[in-house]
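Chain by chain, the residues run as shown.
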Amino acid sequence: MKEYFCNVQKIKFEGRESKNPLAFKYYDAEEMVGGKKLKDQLRFTMSYWHTLTASGADPFGVGTYVREWDAEQDPMKLAKMRMEAAFEFMNKIDIDYFAFHDRDIAPEGKSLEETNRNLDEIVDLCEGLMKKHNKKLLWGTANMFTNPRFVHGAATTCNADVFAYAAAQVKKAIEVTNRLDGENYVFWGGREGYETLLNTNMGLEQDNLARFFHMAVDYAQKIGFKGQFLIEPKPKEPTKHQYDFDTATVLGFLRKYDLDKYFKVNIEANHATLAGHTYEHEIAVAGINGALGSLDINQGDPNLGWDTDQFPTNLYDAVLAMYQVLKCGGIASGGLNFDSKVRRASFEADDLFIAYIAGMDTFAQGVKIAQKLLDGGEIENFVKERYSSFTTGIGKDIVEGKADFESLEKYIINKDVSANKSGRQEMLEAIVNKYILND
Ligand code: XLS
Ligand code: NI
Ligand code: NI
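Parameters and conventions
- Residues numbered from 1 in each chain as written.
- Chains lettered and ligands numbered in written order.
- Predicted model: local features only at pLDDT ≥ 70, side-chain atom pairs only at ≥ 80, totals over all residues.
- Heavy atoms only, no water.
- UniProt positions renumbered as here; feature names shortened; annotations may be inferred.
- Donors = N, O, S within 2.8 Å, 3.2 Å for Na, K, Ca; no water.
- Helix = DSSP H or I, 4+ residues; strand = E, 2+ residues; numbered from the N terminus.
- Buried < 20%, exposed > 50% of the residue type's maximum accessible area, 1.4 Å probe, protein only.
- Contact = heavy atoms within 4.5 Å.
- Polar contact = N/O pair within 3.5 Å; in protein donor to acceptor, adjacent residues only side chain to side chain.
- Core = buried A, V, L, I, M, F, W, Y, C linked by side-chain atoms within 4.5 Å.
- Tetrahedral: all angles 85-135°; square planar, octahedral: opposite > 155°, others 65-115°.
- Near = heavy atom within 4 Å.
- Areas by Shrake-Rupley, 256 points an atom, 1.4 Å probe, with all protein chains shown as cover.
- Nonpolar A, V, L, I, M, F, W, Y, C, P; charged D, E, K, R; others polar.
- Axes fitted to C-alpha atoms, helices over the stretch in contact; angles between N-to-C directions.
- Parallel < 35°, antiparallel > 145°, perpendicular 65-115°, else oblique.
- Left-handed = near helix turned anticlockwise from the far one by under 90°.
- Pairing = 2+ DSSP bridges.

The protein chain is annotated in an unreviewed UniProt entry as Xylose isomerase from Clostridium oryzae. Note on the protein chain: under the UniProt heading Subcellular location (unreviewed entry), the record states "Cytoplasm". Checking UniProt for the protein chain, the heading Subunit (unreviewed entry) contains the comment "Homotetramer."

A.B. asks: Describe the coordination of the nickel ion (ligand 3), with residues and values.
C.D. replies: Binding of the nickel ion (ligand 3) to the protein goes through Glu268 (OE), His271 (NE2) and Asp307 (OD), at separations of 2.1 Å. Read in sequence order, the donor residues for the nickel ion (ligand 3) give the motif E-x2-H-x35-D. Between the nickel ion (ligand 3) and the nickel ion (ligand 2), both coordinated by Glu268, there is a metal-metal distance of 3.8 Å. Pair noted here: Glu268 is in strand 12 (residues 263-268) and Asp307 is in the loop between strand 13 (292-296) and helix 11 (315-327), with a separation of 39 residues, a long-range link. With respect to class, Glu268 is no different from Asp307; both count as buried.

A.B. asks: Describe in detail unusual backbone geometry, supporting the description with residues and values.
C.D. replies: Note on backbone geometry: most residues besides glycine have negative phi, and most peptide bonds are trans. The amide bond that connects Glu237 to the next residue, Pro238, takes the cis arrangement and shows omega of 10°. Its place among the elements puts Pro238 in the loop between strand 10 (228-232) and strand 11 (241-242). A positive phi angle, close to 60°, is found at Asn134, a residue other than glycine. Its identity is not glycine, yet Glu237 carries a phi of approximately 70°, on the positive side. The residue Glu237 is located in the loop between strand 10 and strand 11 in this model.

A.B. asks: For the UniProt feature "binding site: Mg(2+) 1" (unreviewed entry) in the protein chain, give the residues involved together with the corresponding values.
C.D. replies: Under the UniProt annotation, the feature "binding site: Mg(2+) 1" (unreviewed entry) is placed at Glu232, Glu268, Asp296 and Asp339. For the annotated residues, spread through 108 residues, the largest C-alpha to C-alpha distance comes to 11.9 Å, consistent with a single compact locus. For Asp296, a relative accessible area of 0% corresponds to the buried category. If sequence neighbours within four positions are ignored, Asp296 has contacts with Trp139, Glu232, Asn266, Ile267, Glu268, Ala269, Tyr279, Asn337 and Asp339. Within the fold, Asp339 resides in the loop between strand 14 (336-338) and helix 12 (349-376). Side-chain polar atoms of Asp339 contact the side chain of His50, separated by 2.8 Å.

A.B. asks: Mind laying out the nonpolar core, listing which residues take part and the relevant values?
C.D. replies: If you look at the biggest cluster of nonpolar residues, it comprises 123 residues, and the most contacted ones within it are Phe44, Met46, Ile93, Phe187, Leu295 and Tyr356. The element best represented in this core is helix 12, accounting for 12 residues. In contact with Ile93, not counting residues within four places along its chain, are Ile11, Phe24, Phe353, Tyr356, Ile357 and Met360.

A.B. asks: Quick rundown of the coordination of the nickel ion (ligand 2)? Include the residues and the values.
C.D. replies: Surrounding the nickel ion (ligand 2) are the protein donor atoms Glu232 (OE), Glu268 (OE), Asp296 (OD) and Asp339 (OD), at 1.9 to 2.1 Å. In this structure, the nickel ion (ligand 2) is coordinated by 6 donor atoms arranged in octahedral fashion, with angles at the metal of 81 to 176°. Donor residues for the nickel ion (ligand 2), ordered by position in the chain, follow E-x35-E-x27-D-x42-D. On the basis of relative accessibility, which here comes to 1%, the residue Glu268 falls in the buried class.

A.B. asks: Give me the site of ligand 1: which residues, what numbers.
C.D. replies: Around ligand 1 sit Trp49, His101, Trp139, Trp188, Glu232, Lys234, Glu268, His271, Asp296, Asp307 and Asp339, and those are all the residues in its vicinity. Residue Lys234 places a side-chain N or O atom 2.9 Å away from an oxygen atom belonging to ligand 1. For ligand 1, an oxygen atom lies 2.6 Å from a polar atom in the side chain of Glu268. For ligand 1, whose free accessible area comes to 290 Å², the fraction covered by protein is 94%. Of the residues belonging to the shell around ligand 1, the class tally is 3 nonpolar, 2 polar and 6 charged.

A.B. asks: Tell me about the UniProt feature "binding site: Mg(2+) 2" (unreviewed entry) in the protein chain, and please be specific about residues and values.
C.D. replies: As annotated in UniProt, the feature "binding site: Mg(2+) 2" (unreviewed entry) corresponds to Glu268, His271, Asp307 and Asp309 in the numbering used here. The named residues occupy 42 residues along the chain; their greatest pairwise C-alpha distance, 10.0 Å, places them in one compact cluster. What Asp307 contacts, discounting residues up to four positions off in sequence, is Lys234, Glu237, Glu268, Asn270, His271, Leu274 and Asn298. Side chain to side chain, Asp307 and Lys234 meet in a polar contact 2.9 Å long. Tracing the chain through its elements places Asp309 in the loop between strand 13 and helix 11. The class for Asp309 is buried, based on a relative accessible area of 7%. A distance of 3.3 Å separates a polar atom in the side chain of Asp309 from a polar atom in the side chain of His50.

A.B. asks: Outline the packing of helix 3 (residues 75-93) against helix 12, supporting the account with residue identities and numerical values.
C.D. replies: Between helix 3 and helix 12, whose axes approach to 11 Å, the crossing angle comes to 45°. Considering their axes alone, helix 3 and helix 12 lie oblique with respect to each other. As for how helix 3 packs across helix 12, the hand of that crossing is right-handed. Together, Phe89, Lys92 and Ile93 of helix 3 and Leu352, Phe353, Tyr356, Ile357 and Met360 of helix 12 make up the contact between the two elements. A class-by-class count of the residues in the contact of helix 3 with helix 12 yields 7 nonpolar, no polar and 1 charged.

A.B. asks: Can you explain the sheet that holds strand 10? Please cite residues and give values.
C.D. replies: Spatially, 5-6-7-8-10-12-13-14 is the arrangement adopted by the 8 strands of the closed barrel, whose pairing is parallel. Taken over all neighbouring pairs, the strand axes of this sheet differ in orientation by 30° on average, direction set aside. Of the strand pairs in this sheet, strand 10 and strand 12 are connected by 3 bridges, and their pairing is parallel. In the strand pairing of strand 12, Ile231 is matched with Val265. Seen against the sheet, helix 7 (residues 202-223) touches strand 8 (184-188), strand 10 and strand 12 and runs at an angle of roughly 155° to strand 10.

Here it is, written out as structure tokens:
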């Protein structure tokens, strides 16, 4: 088989003294952390779209990335080359999982029928390569945002034919995900939102979105798809008001429409930033609601108001995010997906490897430090103590549902309120720093 990344050999763990840019310094896949191998704890995932199909184009200029398959004109031959390259890449970077949109892996044809045939042909190739190289599909999804037919949305369009098209497309995408034993199926609401209320029936659009999700659940049950459904919240971009704004919004929506038992969330760091949240906030909201499904770990830029999809290199954020993940008991059927692209100026093929290494080392350290922080217990003990008034006396009554307004009034009316204690934020932040710096 042709080699696509000729300048790069299999990436090895060389340890923190290594100066080799094409080696892991912190990610040792076999290292045990929290009772699991790092590779099982993190389940790193290659995003097909950013790794194989992205070009480096931006609104001001054409693509810059230099790739071995650039010259290929035939769309199906190109799709096959990319699929082979994907497995070479995963083997060399030592990643077991990948994720794709239907249109990443195979080109659209003239009709949906032809498009589905193209997809089947590439999925045949993919299935064989998965078996040969022992790789797994973390999730599949449908691209319902690139083609102009989705200009007004897919499940939230004003055009019933487009709704039907989207349904047929997702039907096929679930079938394909099922065939490849995908562990999850993701809905990111590409254009599910609106620009102006002046032309929008928001109530109908949201009801239709719920109808669409119910149809997906029904169909998955019908064909025996066992994977977990995930919604990926995002507050804006491409539309001004995306319906899946953040985790809390998604949970409210799911409950309103009786969908909460079928869906969890796929939380993206960059989307949390755009929603004005921290990543750890979003993970914690999912965690306390039993809805943490998977993670897209690409970081954004707090100074920029769009989804920059950068490789995650911010160690501090990674520690705090993984701390919440560990508190939730891990990532279950999810993984850590690099929904990240190299910068436009990082156009050489080696940059792809360097970027993944940087992200994998960051999250390896992130989870190791988070585990130590958890084991050390200083933060957890502080929090426990902070809420200790709810473990005895009147606090216990409140928690156990034995109190009401009248009994609480009777209790407090002639009593001095006990003194509040410091929240000690700076002390706690210094403890986090200690764990990071001492590691
Ligand atoms: C876009 C999303 C997208 C999803 C998959 O902002 O992050 O890449 O992860 O459709
Ligand atoms: Ni994403
Ligand atoms: Ni995104």
